Amino acid sequence: MSSSNTSGSGPLTFILTSIPGLPVSSYWMAFPLGCLYLLMLLGNCTLLWAIKTDHNLHTPMYYLLSMLAMADLGLCLSTLPTVLAIFWFKATSLPLEACVVQMYSIHSFSAVESGLLVAMAFDRFVAICFPLHYASLLTSSLVMKAGGLIFTRGLCVVLPVAVLIKKMPFCRSHALSHSFCLHQDMLRLVCGDVRVNSLYGLTTVILTKGLDSLTILLSYTMIIRAVLSIVSREEQAKAFNTCISHLCAVLIFYIPLIGLSITHRFGKHLPPLTHTVLADTYLLVPPVLNPLVYSWKTKQIRRRILILLCRRGTQQQV
């Protein structure tokens with residue numbers, strides 16, 4: 001079989017897969033998925049709107065939260081076109097170039113979100129361990145520069161992955177395992193030597209999400225030590241309470257990510273439905289739950305959203 005990036009006489013296209021066991025076009029699945037995407041858009045846009053319109057929320061913590069909302073929007077919007085196209089229009093084919101762009105977007109925004117969670121952990125560390133120096137250590141200018149570096153890191157570190165996979169020969173079955181393109185999934189369809197691609201992909205994951213998770217763990221180890229040194233139980237509870245939203249965001253992001261990585265490398269014997277559920281959970285659940293968690297646990301955001309809704313309702317009545 002020749003090594004070629006073409007299928008027959010036409011350009012190479014990949015075949016995306018819906019949920020195993022379901023027909024390609026399944027409207028009873030398309031509707032809840034559409035509602036999930038709508039909830040994601042509404043939640044993250046409302047969060048951005050609340051932070052933008054309330055000057056009391058123009059602080060480092062909320063700047064980082066707004067960046068997290070933008071990363072969630074980018075991550076979810078990267079998968080939206082193909083997922084809804086499959087279930088609504090039976091559109092399962094995707095050209096190589098479009099697949100590479102989608103893969104690059106998904107992994108880039110995932111790396112950005114991981115970096116932002118580290119920055120938010122550092123924000124909580126400074127706020128709890130050095131409360132008197134918080135304003136001088138974490139200025140708005142510094143946070144903006146850090147956010148720019150995090151986005152640049154996410155975009156640059158994944159670029160070689162996209163370039164390498166674009167040049168690889170695909171001469172096996174072109175059927176992917178998901179409703180979107182992931183690097184691990186595309187790599188298994190290559191008929192050439194994938195050691196460089198696989199090694200760089202693994203190195204990228206270790207240097208981004210691996211180091212990020214260790215940094216978050218180290219931050220919370222020092223936070224816990226600082227909180228336990230506080231004599232007052234009430235003050236301890238108050239300090240821990242400021243970290244709950246961020247801890248939820250970390251768990252929501254990293255647990256599906258770890259599960260997906262393990263099943264891709266060691267779970268080839270598992271049913272295809274397991275891989276599909278983990279991939280969908282990893283890409284869809286964090287963008288949907290993050291704004292809900294922060295709106296529920298952060299009094300300032302909740303109050304601002306209620307004020308905006310009341311004003312809107314009053315205007316409609318008038």
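Residues numbered from 1 in each chain as written. Predicted model: local features only at pLDDT ≥ 70, side-chain atom pairs only at ≥ 80, totals over all residues. Heavy atoms only, no water.

- Looking up the protein in an unreviewed UniProt entry gives the name Olfactory receptor, with the organism given as Todus mexicanus.
- UniProt annotates the protein under Sequence similarities (unreviewed entry) with the comment "Belongs to the G-protein coupled receptor 1 family." (UniProt positions renumbered as here; feature names shortened; annotations may be inferred.)

Quick notes on the overall build of the protein
(1) Moving on: When helices and strands are counted, the protein shows eleven helices and four strands.
(2) Moving on: Buried residues in the protein amount to 46% of all 318 residues.
(3) Moving on: For the protein, the computed accessible surface area is about 16,300 Å², with 71% contributed by carbon and sulfur atoms. (Helix = DSSP H or I, 4+ residues; strand = E, 2+ residues; numbered from the N terminus. Buried < 20%, exposed > 50% of the residue type's maximum accessible area, 1.4 Å probe, protein only. Areas by Shrake-Rupley, 256 points an atom, 1.4 Å probe, with all protein chains shown as cover.)

Examining the UniProt feature "transmembrane region" (unreviewed entry) in the protein
(1) Moving on: The feature "transmembrane region" (unreviewed entry), as given by UniProt, occupies residues 27-50, 62-89, 142-165, 243-262 and 274-294 in the numbering adopted here.
(2) Moving on: Secondary structure content for residues 62-89 is 100% helix and 0% strand, and the end C-alpha separation is 39 Å.

A look at the state of the cysteines
(1) Moving on: For the coordinates displayed, the defined rule picks out one disulfide.
(2) Moving on: With its sulfur 1.9 Å from that of its partner, Cys 99 forms a disulfide with Cys 181. Here the disulfide of Cys 99 and Cys 181 is left-handed, its torsion about the S-S bond being about -115 degrees. Of the two residues, Cys 99 sits in helix 3 (residues 96-129) while Cys 181 sits in the loop between helix 5 (140-166) and helix 6 (183-187), which places them 82 residues apart along the sequence. (Disulfide = S-S within 2.5 Å.)

Quick word on the environment of Thr 263
(1) Moving on: Assignment of secondary structure puts Thr 263 in helix 9 (residues 244-266).
(2) Moving on: C-alpha of Thr 263 to C-alpha of His 275: the two residues are twelve residues apart in sequence and 6.8 Å apart in space.

Observations regarding helix 10 (residues 272-297)
(1) Moving on: Look at helix 10: 36 Å from first C-alpha to last across 26 residues, which is about the 38 Å you get at 1.5 Å a residue.
(2) Moving on: Along its length, helix 10 reaches its greatest deviation from straightness, about 40 degrees, at Val 285, and the proline Pro 286 lies no more than four positions downstream. (Expected span 1.5 Å × (residues − 1). Bend = angle between axes of the 7 residues up to and from the residue.)

Some remarks on the packing of helix 2 (residues 60-89) against helix 10
Relative placement of two packed helices is described by the angle separating their axes and the distance separating the axes.
(1) Moving on: Remark: helix 2 packs on helix 10, axes separated minimally by 9 Å, with the N-to-C direction vectors making an angle of 150 degrees. Classified by the interaxial angle, the pair formed by helix 2 and helix 10 is roughly antiparallel. Here the hand of the crossing between helix 2 and helix 10 comes out left-handed. Of helix 10, the residues touching helix 2 (which contributes Leu 65, Leu 68, Asp 72, Leu 75, Cys 76 and Thr 79) are Leu 283, Leu 284, Pro 286, Pro 287, Asn 290 and Tyr 294.
(2) Moving on: Per-class residue counts for the contact of helix 2 with helix 10 are nine nonpolar, two polar and one charged. (Axes fitted to C-alpha atoms, helices over the stretch in contact; angles between N-to-C directions. Parallel < 35°, antiparallel > 145°, perpendicular 65-115°, else oblique. Left-handed = near helix turned anticlockwise from the far one by under 90°. Contact = heavy atoms within 4.5 Å. Nonpolar A, V, L, I, M, F, W, Y, C, P; charged D, E, K, R; others polar.)

Some details on the packing of aromatic side chains
(1) Moving on: Here the structure, examined in full by the defined rule, presents five aromatic pairs.
(2) Moving on: Ring plane angle 90 degrees and centroid distance 5.2 Å describe the contact between Phe 14 and Phe 170, whose orientation is recorded as edge-to-face. One end of the pair, Phe 14, is in strand 3 (residues 13-15); the other, Phe 170, is in the loop between helix 5 and helix 6, and 156 residues separate them in sequence.
(3) Moving on: Note on Phe 14: relative accessible area 0%, which makes it buried.
(4) Moving on: An angle of 90 degrees between the planes, with centres 5.0 Å apart, marks the rings of Phe 253 and Tyr 254 as edge-to-face.
(5) Moving on: According to the relative accessible area criterion, Phe 253 is buried, its value standing at 0%.
(6) Moving on: With a relative accessible area of 8%, Tyr 254 lands in the buried category. (Phe/Tyr/Trp six-rings, centres within 6.5 Å; stacked < 30°, edge-to-face > 60°.)

Concerning the environment of Ser 295
(1) Moving on: With respect to the element layout, Ser 295 can be found in helix 10.
(2) Moving on: For the pair Ser 295 and Gly 43, spaced 252 residues apart in sequence, the C-alpha separation works out to 9.0 Å.
(3) Moving on: In contact with Ser 295, not counting residues within four places along its chain, are Leu 47, Ile 301, Arg 302 and Ile 305.
(4) Moving on: At 2.7 Å, the side chain of Ser 295 and the backbone oxygen of Pro 291 are in polar contact. (Polar contact = N/O pair within 3.5 Å; in protein donor to acceptor, adjacent residues only side chain to side chain.)

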